[in-house]
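Results of the structural survey
Spelled out, the chains give:
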Amino acid sequence: EKFNLINENISYNTVAPGFIQTQMTDKLPPMVTFMATKIMTPLKAKGQVEDVAEVCGMLVEGDFRGERVRVCGGMLIGK
């Protein structure tokens, strides 16, 4: 949730990564990976670290204030 910084005129952006392919997720049991990618994610694939980096770059270079961007392959649609 957002901190109450409105009175200070401070806003910030956040990035909420979902199931991203990393050394950590590569060690998960195959069934967990299958469930997270093929069943729970509309894109049917793990996100990539580059996807998260691209969103971070977009937020830094753009004129965004107070945004939360999910990088999750659609896993959190509607939440």
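In this report, we go over the structure that sits alongside the text. (Residues numbered from 1 in each chain as written. Predicted model: local features only at pLDDT ≥ 70, side-chain atom pairs only at ≥ 80, totals over all residues. Heavy atoms only, no water.)

Turning to the overall build of the chain, a few remarks are in order. On a plain count of helices and strands, the chain comes out with 3 helices and 2 strands. From first element to last, N terminus to C terminus, the chain shows the α and β order β-α-α-α-β. When burial is assessed residue by residue, the chain has 20% of its 79 residues classed as buried. Within the chain, counting contacts between residues at least 6 apart in sequence, those at least 24 apart form 67% of the total. For the chain, the accessible area works out to roughly 6,200 Å², and carbon and sulfur atoms hold 59% of it. (Helix = DSSP H or I, 4+ residues; strand = E, 2+ residues; numbered from the N terminus. Buried < 20%, exposed > 50% of the residue type's maximum accessible area, 1.4 Å probe, protein only. Contact = heavy atoms within 4.5 Å. Areas by Shrake-Rupley, 256 points an atom, 1.4 Å probe, with all protein chains shown as cover.)

On to the side chain of Lys-46, then. Along the chain, the position of Lys-46 falls in the loop between α2 (30–39) and α3 (49–61). Reaching out from Lys-46, the side chain makes a polar contact with the side chain of Asp-26 at a distance of 3.3 Å. Once residues lying within four places of it in the same chain are set aside, the contact partners of Lys-46 are Phe-19, Gln-21, Thr-25, Asp-26, Thr-33 and Thr-37. (Polar contact = N/O pair within 3.5 Å; in protein donor to acceptor, adjacent residues only side chain to side chain.)

This paragraph deals with a nonpolar patch on the surface. A surface patch of nonpolar side chains, about 500 Å² in accessible area, is lined by Met-31, Phe-34, Met-35, Ile-39 and Met-40. You can see Ile-39 is positioned in helix α2. In this structure Ile-39 comes out as partly exposed when scored by relative accessible area, which is 49%. (Patch = residues over 30% accessible without salt bridge, like charges linked within 9 Å, V, L, I, M, F, W, Y side chains within 5 Å. Salt bridge = Lys/Arg side-chain N within 4 Å of Asp/Glu carboxyl O.)

Quick look at unusual backbone geometry now. The bulk of non-glycine residues show a negative phi, and the bulk of peptide bonds are trans. Of note, Lys-44 is a non-glycine position whose phi angle comes to about 60°, a positive value. Looking at the secondary structure, you find Lys-44 in the loop between α2 and α3.

Turning to the pairing of strand β2 (residues 68–71), a few remarks are in order. Alternating positions in β2 separate cleanly, Val-69 and Val-71 being buried on one face and Arg-68 and Arg-70 remaining unburied on the opposite face. Two elements, strand β1 (residues 14–17) and β2, share 4 bridges in a ladder whose sense is parallel. If you follow Val-15 over to β2, its bridge partner there is Val-69. (Pairing = 2+ DSSP bridges.)

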